[in-house]
Amino acid sequence: FVLTVLLDRFGGGSLGSALLTMAVFGATFSYALVMLTFIVWRKRSPDVTRPYVSPLGMVGAWVGFIISIIALAATVALEDNRPGVVGTAIFVGAMFLYYFFYSRHRLVANSPEEAIALMREAEQEII
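Draft legend 1. Geometry of the overall build of the protein chain. Each helix and strand in the protein chain was counted, giving 5 helices and 0 strands. What you see in the protein chain, going N to C, is helices and strands ordered as α-α-α-α-α. Here the C-alpha atoms of the protein chain give a radius of gyration of 19 Å, more than 25% beyond the 14 Å that 2.2 N^0.38 yields for 127 residues. Counting only C-alpha atoms and orienting by the principal axes, one finds that the protein chain spans roughly 60 × 35 × 20 Å. Across the 127 residues of the protein chain, 17% fall into the buried class.

Draft legend 2. Fine view of helix α2 (residues 15-44). Taking 1.5 Å of rise per residue, 30 residues should cover 44 Å, and α2 covers 43 Å from first to last C-alpha, within 8% of that figure. Every buried residue of α2 is listed here: Ala 18, Thr 21, Met 22, Phe 25, Thr 28, Ala 32, Met 35 and Ile 39. Buried residues in α2 make contact with α1 (2-10), α3 (57-77) and α4 (82-101).

Draft legend 3. Focus on the packing of α1 against α2. α2 packs onto α1 with a crossing angle of 145° between their chain directions and a minimal axis gap of 10 Å. Regarding α1 and α2, the two cross each other, and that crossing is right-handed. Counting all contacts with α1, which are made through Leu 3, Thr 4, Leu 7 and Asp 8, the residues of α2 involved are Leu 15, Ala 18, Leu 19 and Met 22.

Draft legend 4. Structural context of a nonpolar patch on the surface. Residues Leu 33, Leu 36, Val 40, Phe 96, Leu 97, Tyr 99, Phe 100 and Phe 101 make up a contiguous nonpolar surface patch of about 730 Å² in total accessible area. Of all the secondary-structure elements, those providing two or more residues to the nonpolar patch are α2 and α4. Here Tyr 99 lies in helix α4.

Draft legend 5. Local environment of the confidence of the model for the protein chain. On average, residues of the protein chain score 85 in pLDDT, and 95% of them are at 70 or above. Predicted confidence in the protein chain is weakest over α1, with a mean pLDDT of 75, and strongest over α3, with 93.

Draft legend 6. A look at the nonpolar core. Ranked by size, the top nonpolar core spans 5 residues in total: Ala 32, Met 35, Ile 39, Ala 61 and Phe 65. When contributions to this core are tallied by element, the ones reaching two or more residues are α2 and α3. Considering every element that reaches this core, the biggest residue donor is α2, with 3 residues. If sequence neighbours within four positions are ignored, Phe 65 has contacts with Ala 32, Met 35 and Leu 36.

Draft legend 7. Region of the structure containing the packing of α2 against α3. Packing of α2 against α3 leaves a shortest axis separation of 8 Å and a crossing angle of 155°. Considering their axes alone, α2 and α3 lie roughly antiparallel with respect to each other. For α2 against α3, the interelement crossing comes out left-handed. Of the residues that constitute the contact of α2 with α3, the class distribution is 16 nonpolar, 7 polar and 2 charged.

Conventions we followed
Residues numbered from 1 in each chain as written. Predicted model: local features only at pLDDT ≥ 70, side-chain atom pairs only at ≥ 80, totals over all residues. Heavy atoms only, no water. Helix = DSSP H or I, 4+ residues; strand = E, 2+ residues; numbered from the N terminus. Rg over C-alpha atoms; globule rule 2.2 N^0.38 Å. Buried < 20%, exposed > 50% of the residue type's maximum accessible area, 1.4 Å probe, protein only. Expected span 1.5 Å × (residues − 1). Contact = heavy atoms within 4.5 Å. Axes fitted to C-alpha atoms, helices over the stretch in contact; angles between N-to-C directions. Left-handed = near helix turned anticlockwise from the far one by under 90°. Patch = residues over 30% accessible without salt bridge, like charges linked within 9 Å, V, L, I, M, F, W, Y side chains within 5 Å. Areas by Shrake-Rupley, 256 points an atom, 1.4 Å probe, with all protein chains shown as cover. Salt bridge = Lys/Arg side-chain N within 4 Å of Asp/Glu carboxyl O. pLDDT = per-residue confidence, 0-100. Core = buried A, V, L, I, M, F, W, Y, C linked by side-chain atoms within 4.5 Å. Parallel < 35°, antiparallel > 145°, perpendicular 65-115°, else oblique. Nonpolar A, V, L, I, M, F, W, Y, C, P; charged D, E, K, R; others polar.

Printed below as a string of structure tokens:
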């Protein structure tokens, strides 16, 4: 919302176009992270039984990752929309920093991942 107000006040281009570009940036960034996560977990744990097997495997993941990086670069290419993309990138970066330096140390067991993290922490205290 804050980025929208700032773009409306100080941006030079179309607000609708900037908002669409910001959404595309967020979607392609998350897609790149999904592909990167797939690649990392497939390399770290190749023998784990998975309920779904990608028909394209690692090749498909690498192609998807490269395409998403190209799409990310394309969102920055439009000069009128660049302030919105940069603002979105700064926001996403700030949220990553918030998670890594604050939030991950104060988990609440509302999801299976958080419950597992809390159990591991408790096990470490016992040992």
